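For reference, the chains in residue letters:
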Amino acid sequence: MTATSPDPTGLPYHRMARYSPHHRWWRPLVGTVVLTFVSLLATGVLYLITDEIGWAAGYPELPDGGADFGPLANTGLDLAFIALDLPLVLLVVLWLGRRPAGTVASVTGRPRWRWLGWCLLAAVPPMVLLPVVAGFLPGDEGDGGGSDVWAGWQTFLVSLAMLAVLVPLQSAAEEYVFRGWLLQAAGAYLRSPWLAVLPQAVLFAAAHGWGTPWGFADLLVFAVVAGLLTIRTGGLEASIALHALNNLLAFGVSAAYVDGLASDETAADASWQLALVDMVSVLLFAAIVLRLARRRHPQHLSAPTPEPIHASPQGAYWPYGQVPGAYGPYQQQAPAGYGPYPQQSGAPWPYPQQPGAHGAYTPPTGAQWPYAPPQGNPGPYPPPPPNATVPGPAAAPGAAPSGPGGTSPAGPGAAPSGADGPGSAALGGASGAAASGSAAPGAPGPAEPGAETSSAASGSAAHGDTSGPAVPRPAVPGDAPGPDGRSPAATGDALGPEGTDPAAPAPADPSPQQPGGAQES
């Protein structure tokens, strides 16, 4: 068994109608009216249907106008129609009470089956004592249509099987209606348990009919004791156990005799002797259950009451009110927008761009990101045009343009020269060594005495030349004689003091020991 809830904010059983954040003062009243109306309507419709079936099947008619299916079948129909109130109570608690349906069973929100078993054991001694004592009471013969003739084992066992199925359901339904819904409905307005049990006790006694005063008092005591046990133990288990065993005993005794179930007597018609014995048995049961409750400690207070649910806009996620489809409390753009910035359709976040553009630039078609070079040329720098010459000094007048690779201009009958550059052979004129057929300086060979060697005859290249010895070209008509008198002069050449080319280096005097040098005479 679960221990008693230590939470002082928990509710006792008779206050469980307030165990809901949706509780309103009118809900218990409206639920009571709806439950009573639906129960009477459903019972009347079911009786009408069964009577029509019985009349169509040829069954005799009872004095009250209904079809007579026999004592056993009539008793079964009565018990089944009362048992239908059990689901009706659960629906009213769920829909009109706006709370879990299990809160009408116990403060735990469900039936406590183990505690129900203990209560059934506690009800056995009083229910055994009741028929034993009643058998010795004078003037207790039944006169309600029954007899003292034994019904037989076959009839008795069939009746007992039917009663064992339907009587617990009928007893539980009555407990859910009176000690369940009605007790909690009164407790929604009355805090005292003694005051809350009185309305349902009076209604329970009146529902069984107005018989003898002792019979009415017996039913009233039963309802009050059952209500107080329900509040003390926190659930309907004790009252259901007592009610079910009491009804099984009463119906079982009637089924043992011929036409015993056809009797119209109820507990309201009991004599004062039987009423007193029944009251004693009920009080004995209450004493046993209270002793068990002190040892087993069943939970008699509920969990803390749920907090009220704050209203929020439809589709909003607490605690922010949001537009449907929005994420978080921030106002969002229309679908396809990323972030809080307005963008064009198809533009990647967060910059507005043209369709198909890469980044913030707009290069021409075929350009590679992120630069915009000319079409077909990767990289950020424009290269020189294809087959273009490298810029250099201006060529001589009348000379043909340089060929590929920086070659000298070729005139009619002229051989190609070396690479152009400052101080090249083109600027300094043709080499005299090539014209005279002498070798370059340092090469062995005889030399004519007194021969004048020019800068060109030395075979050395001009300052800055990288190519080999220049090849002289033949003179062309119209060429002016150069400084040496043999090769034509180029434009801009100036003669030195001795009539030599100032750009050419001075020839070195050969020493007497140098091979090929002139001998001193």
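Right above here is the structure, for reference.
A few points on the structure.

What counts and how
Residues numbered from 1 in each chain as written. Predicted model: local features only at pLDDT ≥ 70, side-chain atom pairs only at ≥ 80, totals over all residues. Heavy atoms only, no water. Helix = DSSP H or I, 4+ residues; strand = E, 2+ residues; numbered from the N terminus. Buried < 20%, exposed > 50% of the residue type's maximum accessible area, 1.4 Å probe, protein only. Areas by Shrake-Rupley, 256 points an atom, 1.4 Å probe, with all protein chains shown as cover. Salt bridge = Lys/Arg side-chain N within 4 Å of Asp/Glu carboxyl O. Core = buried A, V, L, I, M, F, W, Y, C linked by side-chain atoms within 4.5 Å. Contact = heavy atoms within 4.5 Å. Polar contact = N/O pair within 3.5 Å; in protein donor to acceptor, adjacent residues only side chain to side chain. Phe/Tyr/Trp six-rings, centres within 6.5 Å; stacked < 30°, edge-to-face > 60°. Axes fitted to C-alpha atoms, helices over the stretch in contact; angles between N-to-C directions. Parallel < 35°, antiparallel > 145°, perpendicular 65-115°, else oblique. Left-handed = near helix turned anticlockwise from the far one by under 90°.

## Points about the overall build of the protein chain
So, point 1. If you tally the helices and strands in the protein chain, you get 11 helices and 0 strands.
So, point 2. Ordered by position in the sequence, the α and β elements of the protein chain form the string α-α-α-α-α-α-α-α-α-α-α.
So, point 3. Counting over 521 residues, the protein chain shows a buried share of 31%.
So, point 4. Carbon and sulfur atoms make up 65% of the accessible area of the protein chain, which amounts to about 31,500 Å² in all.

## So, the pattern of salt bridges
So, point 1. As enumerated under the stated definition, the model contains 2 salt bridges in all.
So, point 2. Across the pair Arg-112 and Glu-237 runs a salt bridge, and its minimum N-O distance is 2.9 Å. Of this pair, Arg-112 sits in the loop between α3 (85-95) and α4 (113-134) while Glu-237 sits in helix α8 (residues 237-255), placing them 125 residues apart in sequence. Neither residue differs from the other here; Arg-112 and Glu-237 are each classed as buried.

## Points about the nonpolar core
So, point 1. Ranked by size, the top nonpolar core spans 53 residues in total, and within it Val-89, Tyr-176, Trp-181, Leu-229, Phe-285 and Val-289 carry the most contacts.
So, point 2. Going through the elements one at a time, α3, α4, α5 (153-187), α6 (193-207), α7 (213-233), α8 and α9 (272-296) are the ones with two or more residues in this core.
So, point 3. With 9 residues, α5 is the largest single contributor of residues to this core.
So, point 4. In this structure, Val-89 is in contact with Leu-35, Val-104, Tyr-176, Val-177 and Trp-181, ignoring residues within four places of it in sequence.

## Focus on the side chain of Arg-112
So, point 1. Assessed through its relative accessible area of 5%, Arg-112 is described here as buried.
So, point 2. Among the polar contacts listed, one links the side chain of Arg-112 to the backbone oxygen of Gln-299, at a separation of 2.8 Å.

## A closer look at the environment of Ala-241
So, point 1. Within the fold, Ala-241 resides in helix α8.
So, point 2. Taking the C-alpha atoms as reference, Ala-241 lies 9.2 Å from Trp-118; in sequence the two are 123 residues apart.
So, point 3. Residues in contact with Ala-241, not counting those within four places in the same chain, are Leu-116, Cys-119, Leu-120 and Ala-123.

## Points about the side chain of Asn-247
So, point 1. With respect to the helices and strands, Asn-247 occurs in helix α8.
So, point 2. Among the residues examined, Asn-247 registers a relative accessible area of 13% and is labelled buried.
So, point 3. Not counting residues up to four positions away in its chain, the partners in contact with Asn-247 are Val-167, Gln-170, Ser-171 and Gly-252.

## Re the packing of aromatic side chains
So, point 1. All chains considered together, the criterion is met by 8 aromatic pairs.
So, point 2. With a centroid separation of 4.7 Å and an interplanar angle of 85°, the aromatic rings of Tyr-47 and Phe-81 are classed as edge-to-face. Here Tyr-47 is found in helix α1 (residues 27-57), whereas its partner Phe-81 is found in helix α2 (residues 71-83), with 34 residues between them in sequence.
So, point 3. Assessed through its relative accessible area of 29%, Tyr-47 is described here as partly exposed.
So, point 4. Ring geometry for Trp-153 and Phe-156: centres 6.1 Å apart, planes at 80°, overall edge-to-face. A residue pair is termed a helical-turn pair when its members lie 3 or 4 positions apart in one helix, as Trp-153 and Phe-156 do in helix α5 at 3 residues.
So, point 5. Joined through ring pairs, the aromatic side chains of Trp-150, Trp-153 and Phe-156 make up one cluster.

## Topic: the packing of α6 against α7
So, point 1. Where α6 meets α7, the closest approach of the two axes is 8 Å, and the angle between their N-to-C directions is 140°. Considered as vectors, α6 and α7 are oriented oblique to each other. Like other packed secondary-structure pairs, α6 and α7 cross with a definite hand, here right-handed. Residues Pro-193, Trp-194, Val-197, Gln-200, Ala-201, Val-202, Phe-204, Ala-205 and Ala-206 of α6 lie in contact with α7, whose contacting residues are Phe-216, Leu-219, Leu-220, Phe-222, Ala-223, Val-224, Gly-227, Leu-228 and Ile-231.

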